[in-house]
Amino acid sequence: MAKIAPSILSADFVNLERDIRALKENGADFVHVDIMDGIFVPNISIGIPVVAAIRRITDLPLDVHLMIDRPLRYVEEFIKAGADFLTIHIEADQPQNTLEALDKIHELGCKAGIVLKPKTPAEAAIPYLEKCDMILVMTVEPGFGGQKFMADMMPKVQQLKEWMEDINPDCLIEVDGGVDSNTHTVCKESGANVLVAGSAYFKAADKASFVKLIQS
Ligand code: DX5
Ligand code: ZN
């Protein structure tokens, strides 16, 4: 059993409203929104006004993945725009600022999470675990959709899941990148319970069936 968070990075931005509304019709659990600043990752996607616009047309929880440098500067604005979960990369700032950002996210009434890039070991997450409602393990290098799934991230997922069983068993363990109708199984076996899928969801001919497969 898992939840699915389709990433709208692979949506048709000309028809974003249609694609967002279809997420709910197809049974998705979250809307995964990728925010890229062209500095933390070599790509630029969408920003605060688009999150606010999405908020107006869906009641699905918005899972906002910030791939931005020094996210503390912007957490308040993304929460005001309607984020339900706000995840920040632990590589994006000094530890004290990351801790401050997690506290601020909670103070503003939002769920908080951290994200680990593929080269970041599980141990690097330890200082933040008690403040996390979600831990996102990247299974591709952040920045682009449609990349190949990195199965060698699964021990990291298992380790974080194990630690969180003691610290906060309700913490969601999310994976992001290359999740499709083949790779979803090992993600769930490793302990992930929220699976992001961008290209695989939007390419699926029968999206509702794809959603059910990931949720199974
Ligand atoms: C990558 C993003 C992902 C991306 C996933 O930096 O964080 O959310 O959209 O796309 P797929 O599922 O195509 O790998
Ligand atoms: Zn993402």
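Here the residue numbering is sequential within each chain, running from 1 through the sequence in written order. The lettering of chains begins at A and the numbering of ligands begins at 1, in the order of writing. Where local features are concerned, this predicted model is filtered to residues with pLDDT of at least 70; where side-chain atom pairs are given and counted, the filter is 80 or more; whole-chain, interface and lining totals use all residues. Hydrogen atoms and water are omitted, and side-chain values are computed over all heavy atoms in the structure.

**Examining the site of ligand 1**
Residues are classed as near a molecule or strand on a simple rule: at least one heavy atom within 4 Å of it. Every one of the 20 residues lining ligand 1 counts as a neighbour, but Ser7, Gly143, Asp176, Gly198 and Ser199 are closest to it. Think of a polar contact as two N or O atoms within 3.5 Å of one another; within protein, one of them needs to be a possible hydrogen donor and the other a possible acceptor, and neighboring residues in sequence only count if both atoms come from side chains. One of the side-chain N or O atoms of Asp34 is found 2.8 Å from an oxygen atom in ligand 1. Summarising the interface, the protein chains cover 100% of the accessible area of ligand 1, which totals 380 Å² for the free molecule. By definition, any uninterrupted DSSP run of H or I lasting at least four residues is a helix, any uninterrupted run of E lasting at least two residues is a strand, and each is numbered from the N terminus. For the shell around ligand 1, the elements supplying multiple residues, two or more each, are strand S2 (31-36), strand S3 (62-67) and strand S8 (194-197). In the scheme used here, Gly and all other residues not listed as nonpolar or charged are polar, with Ala, Val, Leu, Ile, Met, Phe, Trp, Tyr, Cys and Pro taken as nonpolar and Asp, Glu, Lys and Arg as charged. Residues belonging to the shell around ligand 1 are distributed by class as follows: 8 nonpolar, 10 polar and 2 charged. With residues, only the protein chains shown are counted as cover, and all accessible areas are computed by Shrake-Rupley using a 1.4 Å probe.

**Re the sheet that holds strand S6 (residues 134-138)**
By definition, the strands of a sheet pair up through backbone hydrogen bonds, in either a parallel or an antiparallel sense. For two strands to be treated as a pair, DSSP must find no fewer than two bridges joining them. Read from one edge to the other, the open sheet built from 8 strands follows the order S1-S8-S7-S6-S5-S4-S3-S2, with strand pairing classed as parallel. For this open sheet the edge positions go to strand S1 (3-6) and S2, each flanked by a neighbour on one side alone. Going across the sheet, the axis of each strand differs from the next one's by a mean of 25 degrees, ignoring polarity. Pairing between S6 and strand S7 (residues 172-176): 5 bridges, direction parallel. Within S7, the residue paired with Met134 across the bridge is Leu172. Lines are fitted to the C-alpha atoms to define the axes, a helix being fitted only along its stretch in contact, and any angle between axes, read from their N-to-C directions, falls within 0 to 180 degrees.

**Section: the coordination of the zinc ion (ligand 2)**
Atoms of type N, O and S within 2.8 Å of a metal are treated as its donors, and for Na, K and Ca the window is 3.2 Å; water is not considered, so some sites may appear to be missing partners. In this structure, His32 (NE2), Asp34 (OD), His65 (ND1) and Asp176 (OD) serve as the protein donors to the zinc ion (ligand 2), at separations of 2.0 to 2.3 Å. A four-donor site is classed as tetrahedral when every donor-metal-donor angle falls between 85 and 135 degrees; four donors are called square planar, and six octahedral, when trans pairs exceed 155 degrees and all remaining angles lie between 65 and 115, with any other arrangement labelled irregular. Around the zinc ion (ligand 2), the 6 donor atoms are arranged such that angles at the metal cover 70 to 168 degrees; this shape is classified as octahedral. Coordination of the zinc ion (ligand 2) draws on donor residues from a single chain, spaced H-x1-D-x30-H-x110-D in sequence. Of this pair, His32 sits in strand S2 while Asp176 sits in strand S7; the two residues are 144 residues apart in sequence, bridging distant segments of the chain. The burial state of His32 is the same as that of Asp176; both residues are buried. Categorising residues by exposure relies on relative accessible area from a 1.4 Å probe, with only protein chains included: less than 20% of the type maximum marks a residue as buried, more than 50% marks it as exposed, and the intermediate range marks it as partly exposed.

**Some words on the pairing of S3**
S3 sits mainly inside the fold: 6 of its 6 residues count as buried. Burial along S3 is two-sided: Leu62, Val64 and Leu66 and Asp63, His65 and Met67, pointing in opposite directions, are all buried. Here 6 bridges tie S2 to S3, and the two strands are oriented parallel to one another. By the bridge assignment for S3, Met36 is matched with Met67. In this fold, S2 hands off to helix H2 (residues 48-57), which returns the chain to S3; that crossover is right-handed. With 4 bridges connecting them, S3 and strand S4 (residues 85-89) associate as parallel partners. Paired with His65 across the two strands is Thr87, which belongs to S4. With the strands aimed away from the viewer, a crossover counts as right-handed if its path from the first strand over the helix to the second runs clockwise. Considered for its hand, the β-α-β crossover made up of S3, helix H3 (residues 75-81) and S4 is right-handed.

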